[in-house]
Amino acid sequence: MIIVMRPDHEEGDLQRVVRRLEDLGLRTHISKGEHRTIVGAIGDERILSELPMQSFAGVEAVHPILKPYKLVSREFQPENTVIQVNGFPIGGQQIQVIAGPCAVESREVLEEIAEELVPEGVHFLRGGAFKPRTSPYSFQGWGEKGLKFLASVREKLGLMVVTELMDPRDTVLVCKYADIVQIGTRNMSNFRLLTEVGNIDKPVLLKRGLCATIKEFLMSAEYIMAQGNEKVILCERGIRTFETETRNTLDISAVPLLKQLTHLPVIVDPSHAVGRADLVAAVSRAAVAAGADGLLVEVHVRPEEAMSDGPQSLRPQAFRAMLEECRRVAEAVGRFI
Ligand code: PEP
Ligand code: MN
């Protein structure tokens, strides 16, 4: 439910509204905009439908939230969520770039890659220690050893670590090393895992499922937020279509659509969307133009030796060129990288 306060309401009116809702066990969120203050309330639908909020002093209007997702919706919170990760904002004017190899391979290679990223102004290093591979015979990641490599590169170069959690049993372990916990495409509908990361105190980067609709994607984000973790970053990474020239099909319209439907930051992973390095730059430019708050890009110093996803990994030089082009697009749409 959304309660719109009158422009001339008094602070006491607002407090009485919030207290009444909270006394009934409902969760509230206050948004103070330039012209209007609104209170979002969620909880038991039966209680909400019977509440006479309209008759409270200072209340102008009461609207139900019709969408199945509540906390993630823009109705609930009109202003953008900006997530601070050690002082680096995600969801603000700045477009954040998260880059690195698909999988953490060795400490040396990881550091070599990270050293190429730092001069480009990148603050976030990605790399999987637990890899969701299609084949059980493919490299599955180094587990904790890989997490330690990430942490030691962070220590040395000051990059924030973004890495995937696949199994609720590894939550404590991954949280020990990660600054942002990634939930991969294949686990977008793993509700047990979503509930688990809803209870951690780290931002969660949630990737859209291979065949997930926007509504299903947002319901998965709602699972995380319903547990109390409000730091959710949505990532469009391409969906399955009939097309086989590219690994997936980037749903570019998902970016402005998600920005319309939700207040959460929306980033784009061009690498997994196209699956080929030669298309990554163009798709990244499109993502920035469409309003993405960030990019998640696979970069490797020697893609031909990469233990996974070499064909879609950019060499540092190509990554630099891509960033330069994206910076120009960002400027054109009033943002910066
Ligand atoms: C990844 O980013 O490492 C990854 C496995 O991507 P996705 O879950 O989008 O396939
Ligand atoms: Mn990959």
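**Let's talk about the site of ligand 1**
Then comes step 1: Residues in contact with ligand 1, as listed here, are Arg-126, Lys-131, Pro-132, Glu-164, Gln-182, Gly-184, Thr-185, Arg-186, Lys-207, Arg-237 and His-272.
Then comes step 2: At 2.8 Å from an oxygen atom of ligand 1 is found a side-chain nitrogen or oxygen belonging to Thr-185.
Then comes step 3: Calculation on ligand 1 without its partners gives an accessible area of 290 Å², and the protein chains cover 97% of this total.
Then comes step 4: The residue inventory of the shell around ligand 1, partitioned by class, reads 1 nonpolar, 4 polar and 6 charged.

**Comments concerning the coordination of the manganese ion (ligand 2)**
Then comes step 1: Within the protein, Cys-102 (SG), His-272 (NE2), Glu-298 (OE) and Asp-309 (OD) serve as the donor atoms for the manganese ion (ligand 2), at 2.0 to 2.3 Å.
Then comes step 2: Mapped onto the sequence, the donors of the manganese ion (ligand 2) take the spacing C-x169-H-x25-E-x10-D. Remark: Asp-309 occurs in the loop between β14 (294-298) and α11 (316-332) and Glu-298 occurs in strand β14; sequence separation between them is 11 residues. Here Glu-298 and Asp-309 have matching classes, each one buried.

**Quick look at the environment of Arg-19**
Then comes step 1: Structurally, the position occupied by Arg-19 is in helix α1 (residues 11-23).
Then comes step 2: What makes Arg-19 partly exposed here is its relative accessible area of 48%.
Then comes step 3: Separated by 104 residues in sequence, Arg-19 and His-123 place their C-alpha atoms 41 Å apart.

**Overview of the pattern of salt bridges**
Two side chains carrying opposite charge are able to pair once their charged atoms lie near each other.
Then comes step 1: Overall, the coordinates contain 27 salt bridges when judged by the stated rule.
Then comes step 2: Among the salt bridges present, the one from Lys-32 reaches Glu-11, with a minimum N-O distance of 3.5 Å. Of the two residues, Lys-32 is situated in strand β2 (residues 27-32) and Glu-11 in helix α1; the sequence distance between them amounts to 21 residues.
Then comes step 3: You can call Glu-11 partly exposed: its relative accessible area is 42%.
Then comes step 4: Here Glu-298 ties to Arg-126 by a salt bridge, and the two come within 3.4 Å at their closest N and O atoms. On the criterion of sequence distance, the pair formed by Glu-298 in strand β14 and Arg-126 in strand β8 (residues 124-126) is long-range, its members being 172 residues apart. Taken as a pair, Glu-298 and Arg-126 share a single burial class, namely buried.
Then comes step 5: In this structure, a network of salt bridges that share partners links the residues Arg-107, Glu-111 and Lys-156.

**A closer look at the side chain of Ser-220**
Then comes step 1: Within the secondary structure, Ser-220 sits in helix α7 (residues 214-226).
Then comes step 2: On the basis of relative accessible area, Ser-220 is assigned to the buried category, the value being 1%.

**Brief notes about the sheet that holds β2**
Then comes step 1: One open sheet holds the 4 strands; their spatial order is β2-β3-β1-β4, and the pairing between them is antiparallel. Strands at the two margins of the open sheet, each flanked by one partner only, are β2 and β4 (59-63). The average undirected angle you get between the axes of adjacent strands in this sheet is 20 degrees.
Then comes step 2: Pairing geometry for β2 and strand β3 (residues 37-42), over 6 bridges, is antiparallel. Each bridged residue has a counterpart across the sheet, and for Thr-28 the counterpart in β3 is Ala-41.
Then comes step 3: Packing of α1 onto the sheet brings it into contact with β1 (2-5), β2, β3 and β4, and relative to β2 it is tilted by some 155 degrees.

**Things to note about the packing of aromatic side chains**
Then comes step 1: According to the stated counting rule, one finds 3 aromatic pairs in the structure shown.
Then comes step 2: Geometrically, the ring pair formed by Phe-88 and Phe-124 is edge-to-face, given 6.1 Å between the ring centres and 70 degrees between the ring planes. Taken together, the residues span a long stretch of sequence, with Phe-88 in strand β6 (residues 88-90) and Phe-124 in strand β8 at a distance of 36 residues.
Then comes step 3: By relative accessible area, which is 22% here, Phe-88 ends up partly exposed.

**Remarks on the domain arrangement of the protein chain**
Then comes step 1: The domain boundaries assigned to the protein chain delineate domain 1 (2-63) and domain 2 (83-332).
Then comes step 2: A C-alpha centroid distance of 37 Å is found between domain 1 and domain 2.

What counts, and at which threshold
- Residues numbered from 1 in each chain as written.
- Chains lettered and ligands numbered in written order.
- Predicted model: local features only at pLDDT ≥ 70, side-chain atom pairs only at ≥ 80, totals over all residues.
- Heavy atoms only, no water.
- Near = heavy atom within 4 Å.
- Polar contact = N/O pair within 3.5 Å; in protein donor to acceptor, adjacent residues only side chain to side chain.
- Areas by Shrake-Rupley, 256 points an atom, 1.4 Å probe, with all protein chains shown as cover.
- Nonpolar A, V, L, I, M, F, W, Y, C, P; charged D, E, K, R; others polar.
- Donors = N, O, S within 2.8 Å, 3.2 Å for Na, K, Ca; no water.
- Helix = DSSP H or I, 4+ residues; strand = E, 2+ residues; numbered from the N terminus.
- Buried < 20%, exposed > 50% of the residue type's maximum accessible area, 1.4 Å probe, protein only.
- Salt bridge = Lys/Arg side-chain N within 4 Å of Asp/Glu carboxyl O.
- Pairing = 2+ DSSP bridges.
- Axes fitted to C-alpha atoms, helices over the stretch in contact; angles between N-to-C directions.
- Contact = heavy atoms within 4.5 Å.
- Phe/Tyr/Trp six-rings, centres within 6.5 Å; stacked < 30°, edge-to-face > 60°.
- Domains from an automatic or database assignment.

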